[in-house]
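Residue-level structure breakdown
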Amino acid sequence: MSRRRNNNVRGPTSALTEFLRESGINPDLIARRVATRNQGPSNGQQPVAGPSTSNGVGSSADNGSQSERVAPDATPGAQEESRLPVSFVVTLAYCTEHPHCQVSDYASDQLDEPEERSPNKKTRTSKRKATAAAKAKARKKAKEDGCYQSSSEDEYTALSRGMRSMGATSNPKPPVGSFENCAKCEKQFTVTRYTMAADPPPGYLCHDCVKAAGIDPFKKPVAPRKRKLNTDKRDVVNFEERRLPTLVSLCIELVSKHIDDIEALGNIGSVNMDEIAKALAKNRSLNSQNAHLFYDVRNKALRFYDATHLTPPAFTTLASLNPNLTHLHLDFCGRLTSPVLECFARSLPHLTSITLLGPFLVRVEAWIEFFLSKPNLRSFRITQSPRFDSCCAEQLAESCTKLEELQLREVGLLDDEFVEPLCALPPLRVLDLANPGIGIDEDGWLEVLKRHGSTLETFNPSWHTGFTAQALRHGLGDHARVLSELIMEGCDSLADEDVADFFSHWANNTNEQESVEDTMDTTDDASRVEDANNLNPPLHVLSLARDDVLSDATLTALLEHSGRSLTYLNLNGLRSLSADALVLLKCAVGLRRLDLSWCREVDDFVMKEIVSALPKLEEVKLWGCSRVSGNGWAGKKGLKIYGIEPNAGRR
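Residues numbered from 1 in each chain as written. Predicted model: local features only at pLDDT ≥ 70, side-chain atom pairs only at ≥ 80, totals over all residues. Heavy atoms only, no water.

1. Re the overall build of the protein chain
For clarity, the threshold we go by: Numbering goes from the N terminus for both helices and strands, where a helix is a DSSP run of H or I of at least four residues and a strand is a run of E of at least two. Any residue under 20% of the maximum accessible area for its type is buried, any over 50% is exposed, and the rest in between are partly exposed; the area is computed with a 1.4 Å probe on protein chains only. Here, residues are in contact when the closest pair of their heavy atoms is within 4.5 Å. Accessibility throughout is a Shrake-Rupley quantity obtained with a 1.4 Å probe, and a residue counts as covered only by protein chains that appear here.
When helices and strands are tallied, the protein chain shows 25 helices and 17 strands. Looking at the 651 residues of the protein chain, the share that counts as buried comes to 37%. Considering only contacts within the protein chain whose residues lie at least 6 apart along the sequence, 65% involve residues at least 24 apart. When the accessible surface of the protein chain is split by element, carbon and sulfur atoms take 50% of a total near 39,300 Å².

And the structure:
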């Protein structure tokens, strides 16, 4: 109201304000009544009780309020008005404007129609009064018996924050800069904003007394923690919804919708077909309807990168509509069952190569029947087949006498019982037995490598605990002649010295052959010629990932043997490699793909030397290399880098 006193602008008012204005009740009248009431009984006037109502409004006995007192110098009208309480005056004025109402039905804070008190409120009020009376009676009895403990029953009497700031008095805190006497040591001190009230009051404490009491006057009050609403806690965004579909999804939807008219596009070409298959796999959109796009009676090779949504009838249709297939590759074919594999055996007579990822449901009988019907099978690759056992391997060795490539990866039953069937197979070019459920021991590996070592071009014994230093040195080292791809990941039985010794004695065939030819005219050393012919050429692909015991000696030896011919090198997890040994990678000038993830000594200086010396490098993986930020070397044209952390290089 004070903001409106100095201007003549008046806006809309409430009903109560309008009523008070019409009744003549203003601030001056109320202030005069308050001044008259505060004069007290010293003026010699006796208090005059105001009229009581039926519900007790204005009664000092019921409400605990004091009666109005009359000032001697007041006017008769004012004396008459001042004898009545404010609540009664307001009520009387309201009744003047509304003659139909009764005075006894209104109170000063209830200007609307009175509400009836619910019986529940009366019941709760009576219960509270009864409970309080019972507690008081019990406390009185306990005091009389002498067993009353006031420490647990007394009411809380600590000073509030406002009272402490005012020194437990009604007077406010002295102004900053004034002088006060300490309530404890009685020394004079200057009041600051950090001055605290004495406890117990009255008075204030100086800074020294406050510190002596163990109180920090400079400590800022802790802001109350806001409680989050339940709706805010549940409002969690787990993914970002795409507002517009991608071009790939639109094309896939269009092709699926008009799959029957796809011949109108003409000859799409095998390369474009493969790209479409990859796009479908990326979105996991290949199904029984759009799979017909890839079917043709003239097809010789067919590959589906994700066949998750293909049902057994869809696999049967695949075999029926592509009878001339020679190469079949199905990834994520978890719904491929035993009847489907039997259908492949009958409907694909020219099949020579099959690759299956995840044929979980195929049983032993179906595998045996498939091998019996495919004597011309040259490549058999399966991954994650828990029912493939030694009986299946025996039938494979007995029926498929022209087999050249064998992959039994992540086969749970692979153990020493597979050694005999593996040795009965014809000499293999590719042998992949990685990630077994049980594994083959050292003697089994020696027999297998003795049988197939001379023809192996790709060999993968990863995660076999039985592949030891003896199997490496006397099995692979003594028998391998044309090996170009070696994958030895997670072989915990190999030590750093064993692998370094293997590469050191496995010298470069080309250099040894040249030295033998130079000395053949003067020396008849037949054993040297035989040794030179028995040496393996340099490797092109090498992976030693997760062999964390390997260190600098292994890296130096393998670079000596195959450094210039390597195109792919995986050293993931070799945390013991030093920076000096890693710099030697610059001699592998033909390297195209390099994986140095989790090699802790790799930094920007090492990578700058490596990248600047390898002109053919196309891909580098640096996952877990926290010291690499890419400064000074990552801008090479055509180089793809994976794994650099956003805050890498900061310490």
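2. Describing unusual backbone geometry
The phi dihedral of Arg284 falls on the positive side, at around 50 degrees, and the residue is not glycine. Mapped onto the elements, Arg284 comes out in the loop between helix H12 (270-282) and strand E5 (301-304). The class of Arg284 is partly exposed, set by a relative accessible area of 41%. With phi around 65 degrees, Gln384 is a residue other than glycine that occupies positive phi space. Structurally, Gln384 can be placed in the loop between strand E8 (379-383) and helix H16 (390-399). Residue Gln384 is classed as partly exposed on the basis of its relative accessible area, which comes to 28%.

3. Examining the packing of aromatic side chains
Put simply, the rule is: In summary, the pairing rule links any two rings of Phe, Tyr or Trp, Trp by its six-membered ring, whose centres are within 6.5 Å, and it sorts them by plane angle into stacked for under 30 degrees, edge-to-face for over 60 and tilted for everything else. Our definition puts a charge over a ring when NZ of Lys or CZ of Arg is within 6 Å of the ring centre and also within 35 degrees of the ring normal.
A complete count under the given rule lists 13 aromatic pairs for this structure. Look at Trp367 and Phe371: their rings are 6.3 Å apart centre to centre, the planes differ by 20 degrees, and that puts the pair in the stacked class. You can see Trp367 and its partner Phe371 sitting in helix H15 (residues 364-372), 4 residues apart, about one turn around the helix. Just as Trp367 is buried, Phe371 falls in that class too. On the numbers, 5.1 Å between centres and 70 degrees between planes, the contact of Phe502 with Phe503 is edge-to-face. One aromatic cluster in this structure is built from Trp367, Phe370, Phe371, Phe380 and Phe388. Above the face of the Phe332 ring, Arg284 is positioned so that its terminal group lies 5.9 Å from the ring centre.

4. Let's talk about the environment of Lys640
Within the secondary structure layout, Lys640 lies in strand E17 (residues 640-642). Spatially, the C-alpha atom of Lys640 lies 6.3 Å from that of Val620, the residues being 20 residues apart in sequence.

5. Quick look at the environment of Tyr295
Tracing the backbone shows Tyr295 in the loop between H12 and E5. Separated by 28 residues in sequence, Tyr295 and Pro323 have C-alpha atoms that sit 10.0 Å apart. Ignoring anything within four residues of it in the chain, the contact list for Tyr295 reads Leu302, Phe304, Ala314, Thr317, Leu318, Leu321 and Asn322.

6. Here we look at the packing of helix H18 (residues 442-452) against helix H19 (residues 469-479)
Rule in force here: Helix axes use the C-alpha atoms of the stretch in contact, all axes being lines fitted to C-alpha atoms, and the angles between their N-to-C directions lie in the range 0 to 180 degrees. Roughly parallel means an angle under 35 degrees; roughly antiparallel means over 145; roughly perpendicular covers 65 to 115; every other angle is labelled oblique. Side-chain classes follow a simple rule in which Ala, Val, Leu, Ile, Met, Phe, Trp, Tyr, Cys and Pro form the nonpolar group, Asp, Glu, Lys and Arg form the charged group, and the remainder, Gly included, forms the polar group.
Where H18 contacts H19, the axes come no closer than 9 Å and their chain directions differ by 5 degrees. In terms of orientation, H18 and H19 fall into the roughly parallel class. Between H18, through Glu442, Trp445, Leu446, Leu449 and Lys450, and H19, the contact on the second element is made entirely by Gln470, Ala471, His474, Gly475, Leu476 and His479. Grouping the constituent residues of the contact of H18 with H19 by class yields 5 nonpolar, 4 polar and 2 charged.

7. Digging into helix H23 (residues 552-562)
Taken together, the buried positions of H23 are Thr554, Leu555, Ala557, Leu558, Leu559, His561 and Ser562. On its buried face, H23 is in contact with helix H20 (496-505), strand E13 (541-543), strand E14 (568-570) and helix H24 (579-583).

8. Looking at the pattern of salt bridges
Cut-off, in case you're wondering: The rule for a salt bridge is simple: a side-chain nitrogen of Lys or Arg has to be within 4 Å of a carboxyl oxygen of Asp or Glu.
In this structure the tally under the stated criterion is 18 salt bridges. Measuring nitrogen to oxygen at the nearest pair gives 3.5 Å for the salt bridge that ties Asp331 to Arg303. Taken as a pair, Asp331 in the loop between strand E6 (327-330) and helix H14 (338-347) and Arg303 in strand E5 lie far apart in primary sequence, 28 residues in all. By relative accessible area, Asp331 is classed as buried at 11%. With a relative accessible area of 35%, Arg303 lands in the partly exposed category. Of the charged contacts, one joins Glu457 and Arg429 as a salt bridge, the two residues approaching to 3.4 Å between their closest N and O atoms. On the criterion of sequence distance, the pair formed by Glu457 in the loop between H18 and strand E11 (458-460) and Arg429 in the loop between helix H17 (419-424) and strand E10 (430-432) is long-range, its members being 28 residues apart. The class of Arg429 is partly exposed, set by a relative accessible area of 28%. Sharing partners across several salt bridges, the network here consists of Arg378, Arg381, Glu404, Glu405, Arg429 and Glu457.

9. Quick word on a nonpolar patch on the surface
This is how the line gets drawn: Think of a patch as exposed residues, more than 30% relative accessible area, with no salt bridge, where like charges cluster within 9 Å and nonpolar side chains (Val, Leu, Ile, Met, Phe, Trp, Tyr) cluster within 5 Å.
A surface patch of nonpolar side chains, amounting to about 320 Å² of accessible area, comprises Trp598, Trp623 and Tyr642. Note on placement: Trp598 falls in the loop between strand E15 (593-595) and helix H25 (604-613).

10. Notes on the packing of H15 against H16
At a minimum axis distance of 9 Å, the contact between H15 and H16 shows a crossing angle of 5 degrees. Classed by the angle they form, the pair H15 and H16 counts as roughly parallel. Residues Val364, Trp367, Ile368, Phe371 and Leu372 of H15 touch H16, and the partners they reach there are Cys392, Gln395, Leu396 and Ser399.

11. Comments concerning the nonpolar core
Stated precisely, the cut-off is as follows: Only buried residues count toward a nonpolar core, which is a set of Ala, Val, Leu, Ile, Met, Phe, Trp, Tyr and Cys residues joined through side-chain atoms within 4.5 Å.
Within the largest apolar cluster, 115 residues are counted, with the highest numbers of intra-cluster contacts made by Phe304, Phe344, Phe380, Phe388 and Leu596. If you tally residues by element for this core, the top one is H14, at 5 residues. Within the second largest apolar cluster, 10 residues are counted, among which are Val191, Ala197, Cys206 and Val210.

12. With respect to a negative patch on the surface
Selection criterion: In this charge count, Lys and Arg are treated as positive and Asp and Glu as negative; neither His nor the chain ends contribute. By convention, charge coordinates are those of NZ in Lys, CZ in Arg, CG in Asp, or CD in Glu.
Taken together, the side chains of Glu394, Glu398, Asp416, Glu417, Glu420, Asp441, Asp443 and Glu447 present a region of like negative charge at the surface. Of all elements in the fold, only H16 and H18 reach the threshold of two or more residues within the negative patch. Exposure remark for Glu417: the relative accessible area of 52% places this residue in the exposed category.

13. Some thoughts on the environment of Val606
For Val606, the position within the fold is in helix H25. We classify Val606 as buried; its relative accessible area is 5%. For the pair Val606 and Val583, spaced 23 residues apart in sequence, the C-alpha to C-alpha distance is 5.9 Å.

14. Remarks on the side chain of Ser390
With respect to the helices and strands, the residue Ser390 is situated in helix H16. Setting aside residues up to four positions removed in sequence, Ser390 forms contacts with Glu417, Phe418 and Pro421.

15. Regarding the side chain of Asp306
Keep this limit in mind: Think of a polar contact as two N or O atoms within 3.5 Å of one another; within protein, one of them needs to be a possible hydrogen donor and the other a possible acceptor, and neighboring residues in sequence only count if both atoms come from side chains.
Turning to its location among the elements, Asp306 is positioned in the loop between E5 and helix H13 (312-321). Look at Asp306 and you get buried, because its relative accessible area is 7%. Only 2.4 Å separates the side chain of Asp306 from the side chain of Thr308, close enough to count as a polar contact.

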